[in-house]
2 protein chains.
Amino acid sequence: MNIYMAEERVSIYRGLKNVYVAESKICLIDHERGKIYYYGYDLDELAQKSSYEEVLYLLLHGRLPTRREFQEFLDRIRGSMRLDPEVLEVMKRVPKDIDMMEALRTVVSYMGNLRSRGPEYTREDVVDYTIDLVAKMPSIIGGLYRMWRGEEPLEPREDLSLAANLLYLITGREYDERDVRGLDMSLILYAEHGMNASTFAAVVVASTGSDYYSSIVAGIGALRGPLHGYANTGALEQFLEIGDPSNVERWFKENIESRKRRLIGFGHRLYRIHDPRAKHYRRWLEENRERFDEETRRVYETAMKLYEVAMNSFLTEKGIYPNCDYWSALLYYVLKLPKEVYTPIFAMSRIAGWSSHIAEYREDNILIRPKAYYIGERDKKYVPLDER
Amino acid sequence: MNIYMAEERVSIYRGLKNVYVAESKICLIDHERGKIYYYGYDLDELAQKSSYEEVLYLLLHGRLPTRREFQEFLDRIRGSMRLDPEVLEVMKRVPKDIDMMEALRTVVSYMGNLRSRGPEYTREDVVDYTIDLVAKMPSIIGGLYRMWRGEEPLEPREDLSLAANLLYLITGREYDERDVRGLDMSLILYAEHGMNASTFAAVVVASTGSDYYSSIVAGIGALRGPLHGYANTGALEQFLEIGDPSNVERWFKENIESRKRRLIGFGHRLYRIHDPRAKHYRRWLEENRERFDEETRRVYETAMKLYEVAMNSFLTEKGIYPNCDYWSALLYYVLKLPKEVYTPIFAMSRIAGWSSHIAEYREDNILIRPKAYYIGERDKKYVPLDER
């Protein structure tokens with residue numbers, strides 16, 4: 001167990017491991033069978049058959065849309081894609097050389113300043129806010145990336161899905177349908193995952209009765225951490241550092257077997273077996289590998305070799321398996337996306353889950369206010385400064 | 001107890017009431033004796049004898065400074081008071097008619113964009129960041145307030161304390177020493193209070209390994225909630241709504257005894273007796289009441305009458321007593337501060353506590369990742385959109 005006793009009768013729930021903080025109808029994570037469900041729907045099926053837009057609807061409304069409802073929902077997304085000029089101005093003022101997640105935190109906070117109706121908001125308002133925010137995310141991510149390279153941001157295209165807009169607005173290119181499908185699947189797989197750290201940060205903020213954007217900004221801040229969303233960026237950096245499949249064994253021995261470093265993209269608080277999301281990435285990579293150019297193939301094969309070596313190492317005995325960040329990093333690299341946008345794409349997708357949990361939690365709100373167990377000194381005498 | 005069983009063998013810790021999430025040496029809250037200690041020092045003594053600057057040092061370093069250390073610390077604060085022109089530009093772009101806490105969230109996030117060195121940071125970095133941020137808060141709060149009224153922001157004054165700068169930069173006036181002392185005391189009393197909701201939000205974000213400013217921005221977002229920091233703004237609005245001591249009894253009967261509304265500024269998760277911070281405010285108000293002008297006296301007497309009526313009502317039987325937000329609201333009103341700045345002043349003060357907990361938590365970090373207990377539907381069949 002993850003609980004230890006500081007003194008008799010007191011338990012410290014470090015990391016809140018295995019502590020249930022709320023009931024929820026949103027996500028079932030069945031560790032033992034390696035299955036995830038969003039509102040009762042098998043994520044394996046959603047990843048294959050649905051779209052990110054439809055999953056967003058599901059997470060906001062708790063049910064799948066009819067054809068007509070979905071058409072209206074898509075119309076609302078299309079109508080919200082364009083950035084306000086004020087937002088573009090603030091994007092320009094963010095320094096070029098910073099981490100994009102930290103930039104996103106400021107930009108989304110500022111969008112809240114233009115949109116927020118304060119602490120009183122309904123589930124319908126959450127739907128409004130979320131559509132507005134998610135629809136604009138491809139323009140924000142693509143816009144920041146392009147502006148930082150001295151290029152003009154592109155206009156979002158209403159004829160493209162959110163996934164296709166992401167690819168287009170970042171790279172300026174139109175992608176093969178199979179590539180769009182790969183990114184769309186990734187957005188579905190990242191959209192929701194129970195009471196993870198960023199969702200919990202968003203819910204803690206919501207529990208004070210604060211406004212919607214304060215919660216989302218907290219979620220972005222939490223996702224920026226290397227122990228959470230940043231793992232996908234870190235995983236890619238690792239692949240590039242190794243550089244070639246022929247270097248994997250030596251690198252693994254020197255860095256991981258020696259316990260000098262942790263293997264990024266491996267291990268998850270909840271899974272002691274394969275992350276159920278991993279197989280979808282692996283299938284896509286397998287099915288599309290013939291289209292990879294030489295450089296892409298080398299990184300792909302490095303990652304596959306590292307996977308193989310790690311799976312035959314001490315890690316699996318300790319229940320440490322690759323998580324979905326390992327594979328999303330590889331997919332994004334294959335799609336020739338710059339690594340700056342990996343965690344921001346995760347954030348865009350997860351806004352669905354954050355919003356879903358915020359709306360649900362507010363329906364039966366209670367302030368989240370734990371305690372810290374005091375182990376410090378007692379009764380120290382204050383000596384005035386003059387006498388020190 | 002605050003735990004209930006959703007089904008056998010599962011406990012849901014709603015609101016994390018009485019759940020210890022970490023050990024800490026920072027703050028001892030002794031409910032039974034009604035005492036608070038910062039790093040072992042009695043808050044009653046600090047409130048009377050210390051200054052906010054010294055308490056900030058204490059919370060950042062875990063001990064009181066020597067005279068020389070304190071002098072250096074004050075020099076660093078003085079050298080950091082002035083805003084970067086880039087920050088003033090972003091302040092100008094925030095819409096005038098929004099809540100100042102939401103504006104603060106954007107401005108502090110942007111300051112992070114100019115300052116952050118990312119997820120790798122030490123306790124020394126926390127000291128640097130905190131000094132920089134706290135020293136600038138009077139200029140940010142005062143600057144936003146003045147800019148929103150069409151006035152030019154004032155330059156901070158190195159000859160004044162942080163409390164005196166706050167008063168000066170908001171109102172443009174120099175205050176009587178007794179008034180400065182009142183606000184300074186309030187900053188001391190608000191500086192830290194264990195694992196409260198905003199501190200916890202900051203710590204959840206820090207636990208992912210994210211950067212300092214992401215944590216602080218989460219803290220600001222949580223403090224913006226009416227169930228947390230916003231209570232002081234709400235308390236003042238209540239006094240003004242009642243308007244006159246002669247209205248108190250009718251208002252209380254109609255709104256509170258009827259259970260139509262909650263009495264803002266009363267009740268606290270931790271205290272079933274008087275909030276130990278309240279007496280310091282009441283003493284200051286008592287000692288300074290002769291200086292109040294007529295309008296101030298009316299609001300003061302309204303608040304005192306409301307206090308008296310509430311203390312003789314059903315509320316005390318339920319353990320609902322005034323908390324420190326009730327009294328800080330009254331103090332700030334007496335100091336003729338506009339209500340927009342009440343919660344931002346709380347935020348400025350509490351940055352001390354947030355920073356202290358962030359630094360401590362990172363010394364033995366573990367990702368905070370609880371669970372939600374699934375109560376939703378299972379095994380729903382995905383029907384393709386075309387067949388719906």
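Analysis parameters
- Residues numbered from 1 in each chain as written.
- Chains lettered and ligands numbered in written order.
- Predicted model: local features only at pLDDT ≥ 70, side-chain atom pairs only at ≥ 80, totals over all residues.
- Heavy atoms only, no water.
- Pairing = 2+ DSSP bridges.
- Helix = DSSP H or I, 4+ residues; strand = E, 2+ residues; numbered from the N terminus.
- Least-squares fit on C-alpha atoms with pLDDT ≥ 70 in both.
- Contact = heavy atoms within 4.5 Å.
- Phe/Tyr/Trp six-rings, centres within 6.5 Å; stacked < 30°, edge-to-face > 60°.
- Buried < 20%, exposed > 50% of the residue type's maximum accessible area, 1.4 Å probe, protein only.
- Lys NZ or Arg CZ within 6 Å of the ring centre and 35° of its normal.
- Domains from an automatic or database assignment.
- Buried area = accessible area lost by both parts, 1.4 Å probe.
- Salt bridge = Lys/Arg side-chain N within 4 Å of Asp/Glu carboxyl O.
- Disulfide = S-S within 2.5 Å.
- Polar contact = N/O pair within 3.5 Å; in protein donor to acceptor, adjacent residues only side chain to side chain.

1. Remarks on the sheet that holds strand S5 (residues 35-38) of chain A
Residues and elements named next belong to chain A. The antiparallel open sheet is built from three strands, whose spatial order is S4-S5-S6. Edge strands, defined here as strands with exactly one partner in the open sheet, are strand S4 (27-30) and strand S6 (41-42). Strand direction decides the pairing type here: S5 and S6, joined by two bridges, are antiparallel. The residue bridging Tyr 37 from the neighbouring strand is Asp 42, located in S6.

2. Looking at the relation of the copies chain A and chain B
Superposing the two chain copies requires a rotation about an axis and a translation along that axis. Take chain A, turn it by 180°, move it 0.0 Å along the axis, and it overlays chain B with an RMSD of 0.0 Å. The superposition of one copy onto the other is thereby described by a two-fold rotation axis. No C-alpha of chain A lies nearer the rotation axis than that of Ala 218 of chain A, which sits 2.3 Å from it. Take the interface residues of chain A: 100% of them recur as interface residues in chain B, which is what a same-surface contact looks like.

3. Some words on the packing of aromatic side chains
Residue and element names in this part refer to chain A. Taken as a whole and judged by the stated rule, the model has 32 aromatic pairs over all chains. A ring pair is formed by Tyr 307 and Trp 327, whose centres lie 5.1 Å apart and whose planes are at 75°; its orientation type is edge-to-face. Highlighted residues: Tyr 307 in helix H14 (residues 294-311) and Trp 327 in helix H16 (residues 324-334), separated in sequence by 20 residues. A residue is classified by how much of its surface remains accessible, and Tyr 307, at 11% relative accessible area, is buried. The exposure class of Trp 327 is buried, given its relative accessible area of 0%. Ring pairing ties together the aromatic residues Phe 239, Phe 266, Tyr 307, Tyr 326 and Trp 327, which thus form one cluster. Just above the ring of Tyr 168 sits the side chain of Arg 157; from NZ or CZ to the centre is 5.3 Å.

4. A word on the domain arrangement of chain A
All names here are of chain A. Annotation of chain A at the domain level lists domain 1 (27-225 + 346-363) and domain 2 (231-334). Taken together, the contact pairs 22 residues of domain 1 with 19 residues of domain 2. Both sides together, the interface formed by domain 1 and domain 2 hides about 1,800 Å², and carbon and sulfur atoms give 56% of it. When the buried surface of domain 1 facing domain 2 is broken down by residue, His 31, Leu 189 and Tyr 190 rank first, second and third, together holding 28% of it. If you look at where domain 1 meets domain 2, you find three salt bridges.

5. Points about the state of the cysteines
Using the criterion set out here, one finds zero disulfides over all chains in the structure. Distance from the sulfur of Cys 27 of chain A, which forms no disulfide, to the nearest cysteine sulfur (Cys 324 of chain A) is 12 Å.

6. Quick notes on the interface of chain A and chain B
The parts lose accessible area when they come together, and the size of an interface is often stated as this lost area. Taken together, the 105 residues of chain A in the interface contact 105 residues of chain B. Carbon and sulfur atoms make up 58% of the area that chain A and chain B hide from each other, which totals about 9,900 Å². Inspection of the chain A/chain B interface yields 12 salt bridges. With a closest N to O distance of 3.5 Å, Glu 45 of chain A and Lys 381 of chain B form a salt bridge. For the pair chain A and chain B, the interface holds 58 residue pairs in polar contact (both at pLDDT 80 or more). At nine residues, the largest contribution of residues to the side of chain A that touches chain B is made by helix H5 (residues 100-115) of chain A. As paired strands, strand S7 (residues 371-374) of chain A and strand S3 (residues 20-24) of chain B are joined by four bridges and run parallel to one another.

7. Notes on the sheet that holds strand S5 (residues 35-38) of chain B
Residue and element names in this part refer to chain B. Spatially, S4-S5-S6 is the arrangement adopted by the three strands of the open sheet, whose pairing is antiparallel. Single-partner strands in this sheet number two, and they are strand S4 (27-30) and strand S6 (41-42). Alignment of S4 against S5, held across four bridges, turns out to be antiparallel. What sits directly across from Ile 29, in S5, is Ile 36.

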